[in-house]
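Observations on the three-dimensional arrangement
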Amino acid sequence: MISRSTIERVFESARVEEVVGEFVQLKKAGSNFKGLSPFTDEKSPSFMVSPVKQIWKDFSTGKGGNAISFLMEHEHYTYPEAIKWLANKYNIEIDETEQTNQEKELVNERESMFVLTDFAKEFFHNTMLKTNQGKAIGLSYFKERGFKGEIIEKFDLGYCLDEWDHFTNAAIAKGYQLKYLESTGLSIVKENKQFDRFKGRVIFPIHSMSGRTLGFGGRILTNDKKAAKYLNSPESDIYHKGKVLYGIFQAKKEIAKQDNCFLVEGYTDVISFHQSGIENVVASSGTALTTDQIRLISRLTKNITVLFDGDAAGIRASIRGIDLILEQGMNVKVVQFPNGEDPDSFTKSHSDSELQEFLETAAQDFINFKVSLLLEEAQNDPVKKAGLIRDIVASISKIPDAIQREVYVQECARIMEISERILFSELAQLLSKNNIEDAKKNKAERKTFEVVKRQDIQLREIDQLEILEREIIKILLLYGNEEVDFIDEIIHINENGKEIKTPKKYKNPVSTEIYLQLHEDEINFTNLVFQEIYNEIIFQLNNTQKLEIDQLINHTNPIIASTVTSILMDEEKYQLSQWDRKNIFVTETKEVLTKAVTDSIYNIRRILIDKLLKDKSIKEKEYSSDEIEEIMNYNSLRIRLSEKLNRVV
């Protein structure tokens, strides 16, 4: 287990904007940062990070928390893994005690797979560097490709010995279970036999954006025509090839810095670019580009430059990816290498500066690229040329931004020497068709949802009491330590028997006042999470006489941490949205704090009295004189509370 002192050092060092910034492209928005949600496919940013409060909130999903909860949500880390990741990032030495057998058993299967893939990565890497066969075959291959030692280390390149079960036996000997060797695809199990999937191949570990080992790619080094040249890990609980990009872990910082991502096809293309000093590059690893992969890049930049080999046939097979990129609202450029060249070979035959210059000068927008690629085929055939124009307009129709669509239509008209009016007409037809199809799809989805809703969802009325309880928790979190003036009414009877109310002003911290008022009426929160948060606040006040918000944001109970974060960030978003809409400063709750506190307490009392009176009226019985007097007293109190709240009874 990780010691408490280590956890405290991690909390002190970790900056939520730095941690989230590793995975999401953030832009300054007042005192906060905003970005696109990494959990949903959205076009307008609803993800907010508060450096002051050290919390984040995703308003599209309702998720929120601190740096640790972000890693747990985004990377599916366990709590200890998130602590270790942060400790590594901030160079904090981990003080850890040995796990008990019971704690080891609690590690779920998914985490066991990650532990195994990490072991495999190190095993293959050491096999290549420290065994005779590894050095003679695996290391020699990479050296012949021109890869230097630091690049081999950077990408954890390795080699699996050309023996049937060398790795499998080694893993079992280390205590790893065969079922995880099979589920990760590292071993192939047939009846009572098992053997290494990557036997005799050089290994390319595939990492997540945070650096976890998801799976592997292996290249065969023999001329066996029956075996695939490249072999990837099979789909598993931790590896989905359509959702990962090779090199994203090594490239993420440079992609965000350069605000552009080069997209190539293969592992060696990525590695060669890194060795040439260009690090903002990822590969789709030979698979057709997917929307999930594009969204992964969109967290870091809105600009993608697709690099195509000089093989025209291969380009046509991959051109669909451009439409997918446009559909996601991304900006796309294309670079085509000279005939017979690919990114890897080009870097070998040109200097770093020549490569950089080529990428800058050869980049063209997708319209010019499509025209240059397909116009030669059309030649002077009007029918083929018309088909090419329709193909380009179809790509333009994928762009969600109307202004960008218009600019591209104008560009297409200029290049193809055709009337803009004709192109806009074609575009309108395509957009209309797309809208009709979307409407049908949405209608079907709504119908399905309505059926499910009728069957499974019970709508409940808005709970006024819960809203007020949330308001009190919000006031405590934001202003609990503030000391403000409160007014108490001293009531006495004068000599004529008339009731006289004398206001008396006194100072109290907000948290103390709320505690005293709720305690006086023995009021408990109906929402159990709010009650738990309130108990934590009172516990802090009893021990330190001060409310420490950080302890709630970083609470070990994720429900408490998430709820506190949600309340705080809802207030941040409200303040920011008011400013954005009206360009004026919003009157803070703090400026009317006395009224906010007293109104919340009075309203809770009023609702509880209404509920009590309603319960009594439901009972069918004759009331005693004492019960009648009690009801009259409650009604009288209800009237006084309503007067204080300026409400009509």
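As a reminder, the structure under discussion sits directly above these lines.
Attention here is on the structure that accompanies the text. Keep in mind the model is a prediction, meaning the values are calculated, not measured. (Residues numbered from 1 in each chain as written. Predicted model: local features only at pLDDT ≥ 70, side-chain atom pairs only at ≥ 80, totals over all residues. Heavy atoms only, no water.)

1. Quick word on helix H3 (residues 67-74)
As a reminder, the rule being used: Relative accessibility decides the category of a residue: with a 1.4 Å probe and only protein chains considered, values under 20% of the type maximum give buried, values over 50% give exposed, and everything between is partly exposed. A run of DSSP states H or I qualifies as a helix once it reaches four residues; a run of E qualifies as a strand once it reaches two. Both are numbered from the N-terminal end. Two residues form a contact once any of their heavy atoms are found within 4.5 Å. We call two N or O atoms a polar contact when they sit within 3.5 Å, provided that within protein one can donate a hydrogen and the other can accept it, with sequence-adjacent residues counted only if both atoms are side-chain atoms.
In terms of burial, H3 is a largely internal element, six of the eight residues being buried. Of all the residues in H3, the buried ones are Ala67, Ile68, Ser69, Phe70, Leu71 and His74. Here the buried face of H3 lies against helix H1 (4-13), helix H2 (16-20), strand E3 (47-50), strand E4 (55-58), strand E5 (63-65) and helix H4 (79-89). One side-chain oxygen at the N-terminal end of H3 lies 3.2 Å from the backbone nitrogen of isoleucine 68; it belongs to asparagine 66.

2. Brief notes about the pairing of strand E2 (residues 32-35)
Side-chain direction in a regular strand flips from residue to residue, so the side chains alternate between the two faces of the sheet. Threshold: A pair of strands counts as paired when DSSP detects no fewer than two bridges linking them.
Of the pairings in the sheet, the one linking strand E1 (residues 27-29) to E2 comprises three bridges and is antiparallel in character. When the bridges of E2 are listed, alanine 29 appears paired with asparagine 32. Where E1 hands over to E2, the hairpin turn is made up of two residues, of which glycine 30 adopts a positive phi near 70°. As judged from the three bridges shared by E2 and E3, these two strands associate in the antiparallel manner. Within the sheet, the bridge partner assigned to phenylalanine 33 lies in E3 and is valine 49.

3. A word on the pattern of salt bridges
Filter applied, for reference: Should a side-chain nitrogen of Lys or Arg be within 4 Å of a carboxyl oxygen of Asp or Glu, the pair is scored as a salt bridge.
For the coordinates displayed, the defined rule picks out 19 salt bridges. For lysine 154, the salt bridge is made with glutamate 279, and the minimal N-O distance between the two is 3.4 Å. Of this pair, lysine 154 sits in helix H8 (residues 149-154) while glutamate 279 is found in the loop between helix H12 (267-275) and strand E13 (281-283), placing the two residues 125 residues apart along the sequence. Classification of lysine 154 as partly exposed rests on a relative accessible area of 30%. Its salt-bridge partner being lysine 507, residue aspartate 485 comes within 3.3 Å of it at the nearest N-O pair. Of this pair, aspartate 485 sits in strand E17 (residues 483-493) while lysine 507 is found in strand E18 (residues 499-509), placing the two residues 22 residues apart along the sequence. Residue classification places aspartate 485 among the partly exposed positions, given a relative accessible area of 32%. Salt bridges sharing common partners tie together Glu22, Lys89 and Lys252.

4. Focus on the nonpolar core
Let me state the cut-off plainly: Residues belong to a common nonpolar core when they are buried Ala, Val, Leu, Ile, Met, Phe, Trp, Tyr or Cys residues joined through side-chain atoms within 4.5 Å.
Of all hydrophobic cores here, the largest spans 67 residues; its most connected members are Leu86, Val282, Ile322, Phe366 and Ile396. Phe119, Ala120, Tyr180 and Tyr239 belong to the second largest nonpolar core, which has 52 residues in total.

5. Here we look at the packing of H1 against H4
Definition in use: Helix axes are fitted only over the stretch in contact, all axes being lines through C-alpha atoms; the angle between N-to-C directions runs from 0 to 180 degrees. What sets the label is the angle itself: under 35 degrees gives roughly parallel, over 145 gives roughly antiparallel, 65 to 115 gives roughly perpendicular, and the rest give oblique. Rotating anticlockwise by less than a right angle from the far helix to the near helix defines a left-handed crossing, while the corresponding clockwise rotation defines a right-handed one. Side-chain classes are defined by residue name, with Ala, Val, Leu, Ile, Met, Phe, Trp, Tyr, Cys and Pro counting as nonpolar, Asp, Glu, Lys and Arg as charged, and the others, Gly among them, as polar.
Between H1 and H4, the least distance of the axes is 10 Å, while the angle of their chain directions is 60°. The angle between the axes of H1 and H4 places the two elements in the oblique class. Considering only the axes of H1 and H4, their crossing is left-handed. Packed against H1, whose contacting residues are Ile7, Val10 and Phe11, the element H4 presents Tyr79, Ile83, Leu86 and Ala87 at the interface. Classifying every residue of the contact of H1 with H4 by side-chain character gives seven nonpolar, no polar and no charged.

6. A short note on the side chain of aspartate 269
Tracing the chain through its elements places aspartate 269 in helix H12. A polar atom in the side chain of aspartate 269 sits 3.1 Å from the backbone nitrogen of glycine 266. Engagement of the side chain of aspartate 269 in a polar contact is seen with the backbone nitrogen of aspartate 344, the distance being 3.1 Å. Apart from residues no more than four positions distant in its own chain, aspartate 269 is found in contact with Val264, Asp342, Pro343 and Asp344.

7. Here's the deal with the packing of aromatic side chains
To keep it simple, the criterion reads: Stacked, tilted and edge-to-face are the three classes applied to pairs of Phe, Tyr and Trp rings, where Trp contributes its six-membered ring and a pair requires centres within 6.5 Å; stacked means planes under 30 degrees apart, edge-to-face means over 60, and tilted covers the rest.
All chains considered together, the criterion is met by 32 aromatic pairs. Seen in terms of ring centroids, phenylalanine 337 and phenylalanine 358 are 5.3 Å apart; in terms of plane orientation they differ by 35°. Their pairing is tilted. Of this pair, phenylalanine 337 sits in the loop between strand E15 (331-336) and helix H16 (343-349) while phenylalanine 358 sits in helix H17 (residues 352-362), placing them 21 residues apart in sequence. No difference in accessibility class separates phenylalanine 337 from phenylalanine 358, as the two residues are buried. Among the aromatic residues, those joined into a ring-pair cluster are Tyr141, Phe142, Phe147, Phe155, Phe204, Tyr230, Tyr246 and Tyr267.

8. A look at the pairing of strand E9 (residues 201-207)
Within E9, seven of the seven residues are buried, which leaves the element mostly enclosed by the surrounding structure. For E9 and strand E10 (residues 213-220), the ladder comprises seven bridges, and the chain directions are antiparallel. Note that in E10 the partner of phenylalanine 204 across the bridge is glycine 217. Hairpin geometry of E9 and E10 is characterised by an intervening segment of five residues between the two adjacent antiparallel strands and by a positive phi of about 105° at glycine 211.

9. With respect to the side chain of serine 566
Within the element layout of this structure, serine 566 appears in helix H26 (residues 558-582). Those residues within four positions of serine 566 in sequence are excluded, and the remaining contacts are Lys57 and Arg470.

10. Some words on the sheet that holds strand E14 (residues 303-308)
Strands sit in the order E13-E12-E14-E15-E16 across an open sheet of five strands; the sheet is mixed. Each edge of the sheet is formed by a strand with only one pairing partner; in this case those strands are E13 and strand E16 (364-365). Pairing of strand E12 (residues 261-264) with E13, which is carried by three bridges, proceeds in the parallel orientation. By the bridge assignment for E13, valine 264 is matched with alanine 283. Across the sheet, helix H15 (residues 320-327) is in contact with E14 and E15; its angle to E15 comes to roughly 155°.

11. Describing the packing of H3 against H4
With their axes 9 Å apart at the nearest point, H3 and H4 run at an angle of 115° to one another. At the point where H3 passes H4, the crossing takes the right-handed sense. Facing H3, whose interface residues are Ala67, Ile68, Leu71 and Met72, H4 presents Tyr79, Ala82, Ile83, Trp85 and Leu86.

12. Some thoughts on H12
Most of H12 sits inside the fold, with eight of its nine residues counted as buried. Within the span of H12, buried status applies to Tyr267, Thr268, Asp269, Val270, Ile271, Ser272, Phe273 and His274. Directly after H12, the chain includes glycine 277, whose backbone phi takes a positive value near 90°.

13. A closer look at the sheet that holds E5
Taken in spatial order, the five strands make up an open sheet running E1-E2-E3-E4-E5, and their pairing is antiparallel. Lying at the two open borders of the sheet, with one neighbouring strand each, are E1 and E5. Ignoring which end each strand starts from, the neighbouring axes of this sheet average 20° apart. Across three bridges, the pairing between E4 and E5 is antiparallel. Bridging across to E5, tryptophan 56 finds its partner in glycine 65.

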